[in-house]
Amino acid sequence: MQLTVWEVSIMDILILLIIAVFGPVLLSFAVEALRKQAQAPEKLYWDDAISIRYATVNGSRIRYIQSGRGPTLVLLHTLRSQLDIFEKVVPELAENFTVYALDYPGHGFSDTPDAEYDPDMFVEYVGGWLDEMKLQNAILCGISIGGVIPLLLAARKHHSVRGVVSVNPYDYGKGLGVTRGNMLAWLVIRPSVIPVLGETIMRFRQKFIEKIIFQGGVSRAAALTEGFIDAMYEAGELRGRYQGLIRLFRNGWKWEQAISEYRHITVPVKVIYGEDDWSTEQERAHSLKFIPTATVTTIREGGHFLSMDQPEALVTEITHFLITLKDFEAQEKQQTLSV
């Protein structure tokens, strides 16, 4: 039976539609399969005197570093980044603290477990790492989701937590605050919550795109070092990384739910915001009213990634918090003796 011109045209259109829909998906799998897998570095690009170490938590290898002497300070990075985001502050902080920094599961050069990548997972792994390291009386300082994790650990009465410095806590905007950074962030990350489309977009990731997205988190684009961008992108090339990131974004709304637990915090808390952070004044006020022990500071000309944007100001605030913490503990001890 011979097909008519009209029937052939309809078939052609259907074929073109199929190619238009499934072609990019198939191509994205090919792009992902051809990615060169980076090897975990033996030295930090920003300080080869600091040893890179690993600990096993819940069956996953967690990369971390340790530097300096003094009270224990644990640094917790942002979503999608890694411990190198603290490259500018670790040397200064190590003069007054024993500084630790780690890569979360699915970040940096830690393992990538098959997990949900929701807040509970991150809290469980960081708490497990604290236990594995046998750390006591630790000040936990983190940025973004790294600012929420210690608040949850404090609310859940983890025995290691002495005090918390929460920098630009990521507990607003249904977990999509990062899309406020710039238009490219919105275009790439917003669709990530859509099945198939999100995975396809992420498989096409490129370093220059990620660099622009991260520039939306600082007040000055030059604040991001090339070493950090390179290291972060190499780690993001590892197998399964884009899937973990997508799960993180799809569970992003749960970070806002964390606020309901803040009321249980009893240790001292310092909340630090960058003047140009993605959060609004209303969102900040909403979070703060649930933390009974919080004091707050705003750093001028600082964005979301304050350790890159305003490292000196951040070091000053963290160091000052130690003084405040000692005063608080002395008052608590005096009140106990009086009773």
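The model shown is predicted, which means the values in this text are computed figures rather than measured ones.

## Concerning the overall build of the protein chain
Then step 1. When helices and strands are tallied, the protein chain shows 13 helices and nine strands.
Then step 2. Taking 20 Å as the expected radius of gyration for a compact globule of 339 residues, we find that the protein chain reaches 22 Å, a close match to that expectation.
Then step 3. In terms of overall dimensions, the protein chain has a C-alpha envelope of 100 × 45 × 40 Å along the principal axes.
Then step 4. Burial analysis of the protein chain (339 residues in total) assigns 53% to the buried set.

## Section: the packing of aromatic side chains
Then step 1. Using the criterion set out here, one finds 10 aromatic pairs in the structure.
Then step 2. Here tyrosine 100 and tryptophan 129 contribute two aromatic rings whose centre-to-centre distance is 5.9 Å and whose plane-to-plane angle is 75°, an arrangement assigned as edge-to-face. Of this pair, tyrosine 100 sits in strand β5 (residues 98-102) while tryptophan 129 sits in helix α3 (residues 119-133), placing them 29 residues apart in sequence. For the residue pair tyrosine 100 and tryptophan 129, the accessibility class agrees, reading buried in each case.

## With respect to the pairing of strand β9 (residues 294-299)
Then step 1. Taken together, the six bridges between strand β8 (residues 269-274) and β9 define a ladder with parallel strand orientation. Across the sheet, residue valine 269 finds its bridge partner in β9, namely alanine 294.

## Brief notes about the sheet that holds strand β3 (residues 60-67)
Then step 1. Taken together, the nine strands give an open sheet; going across it, the order is β1-β2-β3-β5-β4-β6-β7-β8-β9, and neighbouring strands pair in mixed fashion. Each edge of the sheet is formed by a strand with only one pairing partner; in this case those strands are β1 (43-44) and β9.
Then step 2. Pairing geometry for strand β7 (residues 161-167) and β8, over four bridges, is parallel. In the sheet register, serine 166 faces β8, and the bridge partner there is valine 271.
Then step 3. Relative to strand β2 (residues 47-57), α3 is tilted by about 105°, and along the sheet it contacts β2, β3, β4 (72-76), β5 and β6 (138-143).
Then step 4. Helix α11 (residues 281-288) rests against β8 and β9 of the sheet, and its axis sits at about 175° to β8.

## Focus: the pattern of salt bridges
Then step 1. In the structure shown here, the tally under the stated rule is 17 salt bridges.
Then step 2. A salt bridge links glutamate 210 to arginine 80, with the shortest nitrogen-to-oxygen separation between them at 2.7 Å. In this pair, glutamate 210 is assigned in helix α7 (residues 207-215) and arginine 80 in the loop between β4 and α2 (90-93), connecting sequence segments 130 residues apart.
Then step 3. Through salt bridges with shared partners, one network takes in Glu32, Arg35, Arg205 and Glu237.

## Overview of the nonpolar core
Soluble globular proteins: nonpolar side chains tend toward being buried together.
Then step 1. Core analysis: the biggest nonpolar cluster contains 99 residues, and Val74, Leu75 and Trp129 have the highest contact counts within it.
Then step 2. In this view, tryptophan 129 contacts Ala55, Val57, Ile62, Tyr64, Val74, Tyr100, Leu102 and Leu135; residues no more than four positions away in its chain are not counted.

## Side note on the side chain of serine 144
Then step 1. Counting through the fold element by element, serine 144 comes out in the loop between β6 and α4 (145-155).
Then step 2. When its relative accessible area of 0% is taken as the criterion, serine 144 is described as buried.
Then step 3. Of note is the side chain of serine 144, whose polar atom sits 2.9 Å from the side chain of histidine 304.

## Some words on helix α13 (residues 311-338)
Since the α-helix turns once every 3.6 residues, residues separated by three or four places project in the same direction.
Then step 1. The end-to-end C-alpha separation of α13 is 41 Å, in line with the 40 Å expected for 28 residues at 1.5 Å each.
Then step 2. Those residues of α13 that sit buried are Pro311, Leu314, Val315, Glu317, Ile318, Phe321, Leu322 and Leu325.

## Quick look at the pairing of β6
Then step 1. Burial analysis of β6 places six of its six residues in the buried class, which makes it a mostly covered element.
Then step 2. With burial as the criterion, each face of β6 is covered, one bearing Ala138, Leu140 and Gly142 and the other bearing Ile139, Cys141 and Ile143.
Then step 3. Relative to β6, β4 runs parallel, the two being bridged by four bridges. The residue bridging leucine 75 from the neighbouring strand is cysteine 141, located in β6.
Then step 4. Note: β6 against β7, six bridges, orientation parallel. Each residue of the ladder has a partner; that of cysteine 141, found in β7, is valine 165.

Conventions we followed
- Residues numbered from 1 in each chain as written.
- Predicted model: local features only at pLDDT ≥ 70, side-chain atom pairs only at ≥ 80, totals over all residues.
- Heavy atoms only, no water.
- Helix = DSSP H or I, 4+ residues; strand = E, 2+ residues; numbered from the N terminus.
- Rg over C-alpha atoms; globule rule 2.2 N^0.38 Å.
- Buried < 20%, exposed > 50% of the residue type's maximum accessible area, 1.4 Å probe, protein only.
- Phe/Tyr/Trp six-rings, centres within 6.5 Å; stacked < 30°, edge-to-face > 60°.
- Pairing = 2+ DSSP bridges.
- Contact = heavy atoms within 4.5 Å.
- Axes fitted to C-alpha atoms, helices over the stretch in contact; angles between N-to-C directions.
- Salt bridge = Lys/Arg side-chain N within 4 Å of Asp/Glu carboxyl O.
- Core = buried A, V, L, I, M, F, W, Y, C linked by side-chain atoms within 4.5 Å.
- Polar contact = N/O pair within 3.5 Å; in protein donor to acceptor, adjacent residues only side chain to side chain.
- Expected span 1.5 Å × (residues − 1).

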